[in-house]
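For reference, the chains in residue letters:
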Amino acid sequence: MSDADSNAATPATTTTATTTTTIAQPPAVTKTPVKETKRWADMEDEESKNTLSASSSEVNIDNLKIDEEKKINSFLDEAEDSNIKAVISGETPYTSAKTFEELELRAELIKGLYVEMRFQKPSKIQAISLPMILTPPHKDLIAQAHNGSGKTTCFVLGMLSRVDPQLKAPQAICICPTRELAIQNLEVLLKMGKYSGISSECAIPMDSTNYIPINKRPPVSAQIVIGTPGTIKKWMSAKKLGVSNVKILVFDEADHMLAEDGFKDDSLRIKKDIDRSSPHCQVLLFSATFNETVKNFVSKIVKDYNQLFVKKEDLSLASVKQYKVYCPDEMTKIKIIKERIFDLGENIGQRIIFVRTRNSASMLHKQLVDDGYAVTTIQGANTPEVRDKIIKEFKDGLTQVLITTDLLARGFDQQQVNLVINYDLPIKYDTQEPDYEVYLHRIGRAGRFGRKGAVFNLICGDRDEATMRKIELYFQSEVTVVNNSEEDFEKALKQSGLLE
DNA sequence: AAAAAAT
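Note that the structure is a prediction, hence the values are computed from the model and not measured.

Conventions used here
Residues numbered from 1 in each chain as written. Chains lettered and ligands numbered in written order. Predicted model: local features only at pLDDT ≥ 70, side-chain atom pairs only at ≥ 80, totals over all residues. Heavy atoms only, no water. Near = heavy atom within 4 Å. Polar contact = N/O pair within 3.5 Å; in protein donor to acceptor, adjacent residues only side chain to side chain. Helix = DSSP H or I, 4+ residues; strand = E, 2+ residues; numbered from the N terminus. Nonpolar A, V, L, I, M, F, W, Y, C, P; charged D, E, K, R; others polar. 1 Å grid on protein atoms, 1.4 Å probe; cavity = no way out; pocket = protein on both sides within 12 Å on 5 of 7 lines; lining within 4 Å. Points joined across faces, edges and corners; volume = space filled by probe spheres on them. UniProt positions renumbered as here; feature names shortened; annotations may be inferred. Core = buried A, V, L, I, M, F, W, Y, C linked by side-chain atoms within 4.5 Å. Buried < 20%, exposed > 50% of the residue type's maximum accessible area, 1.4 Å probe, protein only. Domains from an automatic or database assignment. Contact = heavy atoms within 4.5 Å. Expected span 1.5 Å × (residues − 1). Buried area = accessible area lost by both parts, 1.4 Å probe. Salt bridge = Lys/Arg side-chain N within 4 Å of Asp/Glu carboxyl O. Pairing = 2+ DSSP bridges. Axes fitted to C-alpha atoms, helices over the stretch in contact; angles between N-to-C directions. Phe/Tyr/Trp six-rings, centres within 6.5 Å; stacked < 30°, edge-to-face > 60°. Lys NZ or Arg CZ within 6 Å of the ring centre and 35° of its normal. Parallel < 35°, antiparallel > 145°, perpendicular 65-115°, else oblique. Left-handed = near helix turned anticlockwise from the far one by under 90°. Lys, Arg positive; Asp, Glu negative; His and termini not counted. Patch = residues over 30% accessible without salt bridge, like charges linked within 9 Å, V, L, I, M, F, W, Y side chains within 5 Å. Areas by Shrake-Rupley, 256 points an atom, 1.4 Å probe, with all protein chains shown as cover. Charge placed at Lys NZ, Arg CZ, Asp CG, Glu CD.

Caption draft 1: Up close: the protein's contact with DNA strand B. Around DNA strand B, a shell composed of 21 residues is seen, among which Pro 205, Tyr 211, Arg 358, Gly 380 and Arg 387 lie nearest. In DNA strand B, the atoms that sit within 4 Å of the protein are 67% sugar and phosphate, with bases accounting for the remainder. Here a phosphate oxygen of DNA strand B and a backbone polar atom of Thr 231 are 2.9 Å apart. One of the side-chain nitrogen or oxygen atoms of Thr 405 is found 2.9 Å away from a phosphate oxygen of DNA strand B. Among the elements that make up the surface near DNA strand B, the one with the highest residue count is helix H8 (residues 229–237) (three residues). When grouped by side-chain class, the residues that make up the surface near DNA strand B number six nonpolar, nine polar and six charged.

Below you can see the structure in the form of structure tokens.
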């Protein structure tokens, strides 16, 4: 199942909200009728009369709701507006796409969206970003949107649309931080592009049974390549992946791909090589998080670009309730996992337990298995075969509880996960400060596309308490204390909508 | 320290 799959589950209310663009049927909540969609360039002109003079302008989509009431037309009128702000470069006009038809996609792609993906209409980030991606002159894009809101569809559809089906050469490349994410994204692409006839290939380390030495590999002829930095770099330097026809380059989890302590060097190297032989390549940067430092940096590596972003205070998912449990010692943590997360949580779907190190992953795994609990564990030290197997079992629903390092913190899309446990809180290695971005990504593994979910943070000691407090402050989010008792856990699970 | 290439 993919990120984008969840579109099918869009609540019916949002469907009606977008179609009420006629004067005859104004939405009940709106005081004035909505008339027609407005082009972004018009918006920009009006904005710039008052406040802005530069070539780019900021459009607050929330303000547009107010404008709407002032009888100024709006291009976005969804019920669950999620506070995405747009900064548009230059004169190019964009109209938010209320339907996939408006995007003028090839018929085979429309069929893939409806028949395979079972989508009804674009999600908010899709509605805004797809016109930006697909409209010439194909500007670069920095796009931030909430976890589980359908970002994958944006760039997968972007790649499928922009590829020339007649040209049998690599034309689109997508770089991801982990093997698991590359595979997941390729699966979405295969599904969405089922009728398109467009070929694709995954550039990740092969498992030992399929291993072919690089010099014996044929050159890549696939039109879309999705992979991890090391393998892509390797294929390029071995001249097996030609990039002279590449016209779209995607960085998934872009903030991490371009962070100093992430994959910055690899990413820049790949981008530079593509720039050299394909200077007009469009670059798309997608993530749920862009902290100020990395935002400043990424805006330097793209040229003429549009931008979508979300304030950090608006980033926590309202549908995922956050809790904290004070634990006097480490043994209590394990006890909570056994008695509450396993025993009590038996009927509430799949659960992911995040730990900080590979070592604690193994320790916790052993503690649980020795006591007869059914759990699997994944971490980077596992072989590709083991990793693939553990993920497949979990995605097939054969396992219910998965222990993981931050390997799965980002992007992993499994709709049946509705409970996330932070066995350890995420902290930055160098400064010991909270890792806010990782925290947000972890809890985003629950509550995919608006589903209900909960996260339990296990707090042990003063440092954990301080870390938790800073995280609450940073996102302005409420984290409720839960006492370590069956009643209180049950209450919390009911409150978050996971128990009847 | 998590992640990512192999050999």
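Caption draft 2: Structural detail: the layout of surface pockets. Here the largest pocket defines a volume of roughly 1300 Å³. Lining the largest pocket are 43 residues, and of these His 256, Asp 261, Gly 262, Asp 435 and Val 438 sit closest to its centre. Contributions of two or more residues to the lining of the largest pocket are made by helix H9 (254–257), helix H11 (292–301), helix H14 (384–395) and helix H15 (436–443). Broken down by class, the residue content of the lining of the largest pocket amounts to 16 nonpolar, twelve polar and 15 charged.

Caption draft 3: How the structure looks around the UniProt feature "domain: Helicase ATP-binding" (unreviewed entry) in chain A. Look at the UniProt record and you will see "domain: Helicase ATP-binding" (unreviewed entry) annotated at residues 132–308. The straight-line gap between the two end C-alpha atoms of residues 132–308 is 10 Å; of that span, 37% is helix and 18% is strand.

Caption draft 4: Highlighting the nonpolar core. Ranked by size, the top nonpolar core spans 77 residues in total, and within it Ile 133, Met 159, Ile 224, Ile 226 and Leu 308 carry the most contacts. Counting only domains with at least three residues in this core, you end up with domain 1 (84–311) and domain 2 (320–495). Contact partners of Met 159, with chain neighbours within four places excluded, come to Ala 172, Ile 173, Cys 174, Leu 189, Ile 224, Ile 226, Ile 248 and Val 250. If you look at the next biggest cluster of nonpolar residues, it comprises 31 residues, including Phe 342, Leu 344, Leu 458 and Cys 460.

Caption draft 5: Expanded view of helix H16 (residues 462–475). Look at H16: 20 Å from first C-alpha to last across 14 residues, which is about the 20 Å you get at 1.5 Å a residue. Of the surrounding elements, those touching the buried residues of H16 are strand S10 (320–326), helix H12 (330–343), H15, strand S15 (453–459) and strand S16 (479–481). The first or second residue beyond H16 is Gln 476, which carries a positive phi of 50°.

Caption draft 6: A look at the domain arrangement of chain A. Per the domain assignment, the segments of chain A are domain 1 (84–311) and domain 2 (320–495). Taken over C-alpha atoms, the centre of domain 1 sits 29 Å from the centre of domain 2. On the domain 2 side, the residues contacting the 22 residues of domain 1 number 20 residues. Of the roughly 1700 Å² buried between domain 1 and domain 2 on both sides combined, carbon and sulfur atoms contribute 50%. Considering only the surface of domain 1 that becomes buried against domain 2, Asn 147, Glu 180 and Gln 184 emerge as the three largest contributors, covering 32% of it. In this structure, the connection of domain 1 to domain 2 is made through four salt bridges. In this structure, the connection of domain 1 to domain 2 is made through twelve residue pairs in polar contact (both at pLDDT 80 or more). Within the residue set of the side of domain 1 that touches domain 2, elements represented by two or more residues are helix H7 (179–192) and H9. Among the elements that take part in the side of domain 1 that touches domain 2, H7 stands out by supplying five residues, more than any other. Its residues assigned to classes, the side of domain 1 that touches domain 2 shows four nonpolar, 13 polar and five charged.

Caption draft 7: Spatial organisation of the UniProt feature "domain: DEAD-box RNA helicase Q" (unreviewed entry) in chain A. In this structure's numbering, the residues bearing the UniProt feature "domain: DEAD-box RNA helicase Q" (unreviewed entry) are residues 98–127. With 47% helix and 0% strand, residues 98–127 has end C-alpha atoms that lie 6 Å from one another.

Caption draft 8: Looking closely at the sheet that holds S15. Pairing is parallel across the open sheet formed by seven strands, whose spatial order is S12-S13-S11-S14-S15-S10-S16. The open sheet has two free edges, formed respectively by strand S12 (376–378) and S16, since each of these has just one partner strand. Each neighbouring strand pair of the sheet contributes to a mean axis angle of 25°, computed without reference to strand direction. Pairing between S10 and S15: seven bridges, direction parallel. Considered in S15, the bridge of Tyr 323 is made with Phe 456. On top of the sheet, H12 reaches S10, strand S11 (350–354), strand S13 (401–404), strand S14 (417–422) and S15; it is set at about 160° to S15, its chief contact. With respect to the sheet, helix H13 (residues 358–370) is in contact with S11, S12 and S13, its orientation differing from that of S13 by roughly 150°.

Caption draft 9: Inspection of the side chain of Asp 273 at higher detail. Structurally, Asp 273 is set in helix H10 (residues 264–277). What Asp 273 contacts, discounting residues up to four positions off in sequence, is Met 236 and Val 243.

Caption draft 10: Spotlight on the packing of aromatic side chains. Within this structure, the stated rule accounts for ten aromatic pairs. The positively charged end of Lys 333 is found above the aromatic ring belonging to Tyr 423, 4.9 Å away from the centroid.

Caption draft 11: Representation of the packing of helix H6 (residues 151–162) against H7 in the model. It is the contact of H6 with H7, at a shortest axis distance of 10 Å, that shows an interaxial angle of 55°. When the interaxial angle is binned, H6 and H7 end up oblique. Considering the relative orientation of H6 and H7, their crossing is right-handed. Between H6, through Thr 152, Thr 153, Phe 155, Val 156, Leu 157, Met 159 and Leu 160, and H7, the contact on the second element is made entirely by Asn 185, Val 188, Leu 189 and Met 192.

Caption draft 12: How the structure looks around the side chain of Arg 162. Within the fold, Arg 162 resides in helix H6. Buried within the structure, Arg 162 lacks any salt-bridge partner; its nearest side chain of opposite charge belongs to Asp 140, at an N-O separation of 7.8 Å. Engagement of the side chain of Arg 162 in a polar contact is seen with the side chain of His 138, the distance being 3.5 Å. In contact with Arg 162, not counting residues within four places along its chain, are Ile 133, Leu 134, His 138, Gln 171, Lys 247, Ile 248 and Gln 282.

Caption draft 13: Geometry of helix H5 (residues 124–134). With eleven of eleven residues buried, H5 lies mostly within the body of the structure. Inspection of H5 places Lys 124, Ile 125, Gln 126, Ala 127, Ile 128, Ser 129, Leu 130, Pro 131, Met 132, Ile 133 and Leu 134 among the buried residues, and these make up the whole buried set.

Caption draft 14: Broad picture of a negative patch on the surface. A cluster of acidic residues, Asp 343, Glu 346, Glu 486 and Glu 487, forms a negative patch at the surface. By the element assignment, Glu 486 lies in helix H17 (residues 486–495). Judged by relative accessible area, which is 44%, Glu 486 ranks as partly exposed.

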